[in-house]
Amino acid sequence: MANKGILYGISAYIMWGFFPVFFKALHTIPALQIVAHRISGAFIFLLFVLLLRQRGAQFIKYFTQPKILLLYSLPAILLAVNWLTYVWGINSGYVVETSLGYFINPLVNVLLGVVLLREKLRLAQWVSVGLAAIGVAYITILAGGLPWIALMLAFTMGFYGLIVKIAPLRALDSLSLETGILFIPSLVYVFTVTYQAAEPVWQQEAIVLVLIGLAGAITATPLLLFSAAVRMIPLSTIGLLQYIAPTIQFLLGVY
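Just so we're clear, the structure is a prediction, and the values are computed from it rather than from any experiment. (Residues numbered from 1 in each chain as written. Predicted model: local features only at pLDDT ≥ 70, side-chain atom pairs only at ≥ 80, totals over all residues. Heavy atoms only, no water.)

*Asks:* Would you take a moment to explain the pattern of salt bridges for this structure?
*Replies:* Think of it this way: side chains of opposite charge can pair up when their charged atoms draw near. Scanning all chains against the criterion turns up two salt bridges. Where Asp 173 meets Arg 170, a salt bridge forms, and the shortest distance between an N and an O atom there is 4.0 Å. Overall, Asp 173 belongs to the buried group, its relative accessible area being 3%. (Salt bridge = Lys/Arg side-chain N within 4 Å of Asp/Glu carboxyl O. Buried < 20%, exposed > 50% of the residue type's maximum accessible area, 1.4 Å probe, protein only.)

*Asks:* What should I look at first to understand the environment of Ser 11 in this one?
*Replies:* With respect to the element layout, Ser 11 can be found in helix 1 (residues 2–17). Here Ser 11 falls in the partly exposed class, since its relative accessible area comes to 26%. Spatially, the C-alpha atoms of Ser 11 and Val 230 are 13 Å apart, while their sequence positions differ by 219 residues. (Helix = DSSP H or I, 4+ residues; strand = E, 2+ residues; numbered from the N terminus.)

*Asks:* Got a minute to help me understand unusual backbone geometry in this structure?
*Replies:* Note: most residues except glycine have negative phi, and most peptide bonds are trans. One non-glycine residue with positive phi stands out, namely Gln 54, at about 60°. Residue position: Gln 54 is located in the loop between helix 3 (31–52) and helix 4 (56–61).

*Asks:* Would you take a moment to explain the environment of Gly 113 for this structure?
*Replies:* Mapped onto the elements of the fold, Gly 113 is located in helix 6 (residues 95–115). Given a relative accessible area of 0%, Gly 113 falls into the buried group. For the pair Gly 113 and Ile 139, spaced 26 residues apart in sequence, the C-alpha to C-alpha distance is 24 Å. Once residues lying within four places of it in the same chain are set aside, the contact partners of Gly 113 are Arg 118, Glu 119 and Leu 235. (Contact = heavy atoms within 4.5 Å.)

*Asks:* Explain a nonpolar patch on the surface to me, please; I cannot follow it from the model alone.
*Replies:* There is a patch of nonpolar side chains on the surface, built from Ile 77, Val 81, Trp 88, Tyr 94, Trp 148 and Met 152 and spanning about 560 Å² of accessible area. Of all the elements in the fold, those that place two or more residues in the nonpolar patch are helix 5 (66–91) and helix 8 (148–166). In terms of residues, the nonpolar patch owes the most to one element, helix 5, which gives three residues. Tracing the sequence through the fold places Trp 148 in helix 8. (Patch = residues over 30% accessible without salt bridge, like charges linked within 9 Å, V, L, I, M, F, W, Y side chains within 5 Å. Areas by Shrake-Rupley, 256 points an atom, 1.4 Å probe, with all protein chains shown as cover.)

*Asks:* Got a minute to help me understand the environment of Gly 5 in this structure?
*Replies:* Relative to the elements of secondary structure, Gly 5 occurs in helix 1. It is 8.7 Å that separates the C-alpha atoms of Gly 5 and Phe 226, two residues lying 221 residues apart in sequence.

*Asks:* Any chance you could explain the side chain of Asn 109 here in plain terms?
*Replies:* By secondary structure assignment, the location of Asn 109 is in helix 6. When sequence neighbours within four positions are dropped, the list of residues in contact with Asn 109 reads Gly 158, Leu 235, Ser 236, Ile 238, Gly 239 and Gln 242.

*Asks:* What is the right way to look at helix 3 in this model?
*Replies:* Because the α-helix completes a turn every 3.6 residues, residues three or four places apart line up on one side. Over its 22 residues, helix 3 extends 31 Å from the first C-alpha to the last, a length consistent with the 32 Å expected when each residue adds 1.5 Å. One or two steps after helix 3, the chain reaches Gln 54, where phi turns positive at roughly 60°. (Expected span 1.5 Å × (residues − 1).)

*Asks:* Explanation requested: the packing of aromatic side chains in the structure shown.
*Replies:* By convention here, two paired aromatic rings are described through the distance between centres and the angle between planes. All told, the structure shown has 13 aromatic pairs when counted by the stated rule. Judged by centre distance (6.3 Å) and plane angle (45°), the rings of Phe 43 and Phe 59 are tilted. In this pair, Phe 43 sits in helix 3 while Phe 59 sits in helix 4, placing the two residues 16 residues apart along the sequence. Residue classification places Phe 59 among the buried residues on the basis of a relative accessible area of 2%. Every member of this aromatic cluster is reached through a ring pair, and the members are Phe 43, Phe 59, Tyr 62, Phe 63 and Phe 183. Across from the ring centre of Trp 83, 4.4 Å away, lies the NZ or CZ of Arg 38, which sits over that ring. (Phe/Tyr/Trp six-rings, centres within 6.5 Å; stacked < 30°, edge-to-face > 60°. Lys NZ or Arg CZ within 6 Å of the ring centre and 35° of its normal.)

*Asks:* What's the story with the packing of helix 3 against helix 5 in this structure? I'm lost.
*Replies:* For any two helices packed against each other, the geometry comes down to the angle between their axes and how far apart the axes lie. The interhelical angle for the contact between helix 3 and helix 5, taken along N-to-C directions, is 135°, at an axis separation of 9 Å. The orientation of helix 3 relative to helix 5 falls into the category oblique. In terms of crossing hand, the pair formed by helix 3 and helix 5 is right-handed. Facing Ala 31, Leu 32, Ile 34, Val 35, Arg 38 and Ile 39 of helix 3, the residues of helix 5 in contact are Ala 80, Trp 83, Leu 84, Val 87, Trp 88 and Asn 91. (Axes fitted to C-alpha atoms, helices over the stretch in contact; angles between N-to-C directions. Parallel < 35°, antiparallel > 145°, perpendicular 65-115°, else oblique. Left-handed = near helix turned anticlockwise from the far one by under 90°.)

*Asks:* Is there a simple way to explain the packing of helix 8 against helix 10 (residues 206–232) in this structure?
*Replies:* Closest axis-to-axis distance for the helix 8/helix 10 pair is 9 Å, and the angle between their directions is 60°. As far as their axial angle goes, helix 10 and helix 8 are oblique. When you trace helix 8 past helix 10, the crossing you get is right-handed. In contact with Met 157, Tyr 160, Gly 161, Val 164 and Lys 165 of helix 8, helix 10 contributes Leu 223, Phe 226, Ser 227, Val 230 and Arg 231.

*Asks:* Honestly, the nonpolar core in this entry has me stumped. Any pointers?
*Replies:* Soluble globular proteins tend to pack their nonpolar side chains together in the buried interior. Of all hydrophobic cores here, the largest spans 70 residues; its most connected members are Trp 16, Phe 23, Leu 26, Tyr 86, Tyr 160, Leu 223 and Phe 226. Leaving out residues up to four positions away in the same chain, Tyr 160 has contacts with Pro 75, Leu 78, Leu 79, Leu 175, Glu 178, Leu 223, Phe 226 and Ser 227. (Core = buried A, V, L, I, M, F, W, Y, C linked by side-chain atoms within 4.5 Å.)

Written out as structure tokens, the structure reads:
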């Protein structure tokens, strides 16, 4: 199971690493509107997967359980804030700073795993964490100020991973519920903005329309892999794997 969890994690982070290419292609659409499309599209995609697996009836029951709804409202909010910060950062030209956020995030994951979950690290892992911390500190100093975008991304995703790890639902049910909680507000926002916009989404170029249509599946797939991985392997291991994504993003931002 550990090997499968590592494979899921690597796959998720490779996908996330190339996300800037996807979102740069959507730069003509405001960040909040992109996030609303991601949430609503992801929920529809996940609902379709649930129906294919004949788990729709069980999923609907979660909405009648206040404790479950309350528990998963927090990761849903963290996810929405993370997505909004990320998309805004990419489309505003802060690709390198967003990559810094995901360089810091593994350190947050390791810290949460060691302090809150009592996970143990081998000597080689401590050395890796130490080198990463020195590198992150150096890049932060070069940035010349408090990298608020990076810190927001790091801590929202770090605590999201922690909650998903200790929460009771499986990956598919968990992510479906999180996007389901945000679905109605997102859908209302999409229709409201579309109605009021001087240039509605459907007047965008064909490639933009295709990408918006794919946003749900592209959003949900790596998150499903991440949610599955985080339940199979230690949070500190997730943290070390996570350097795959920001390394790809950093190289994209620089070159």
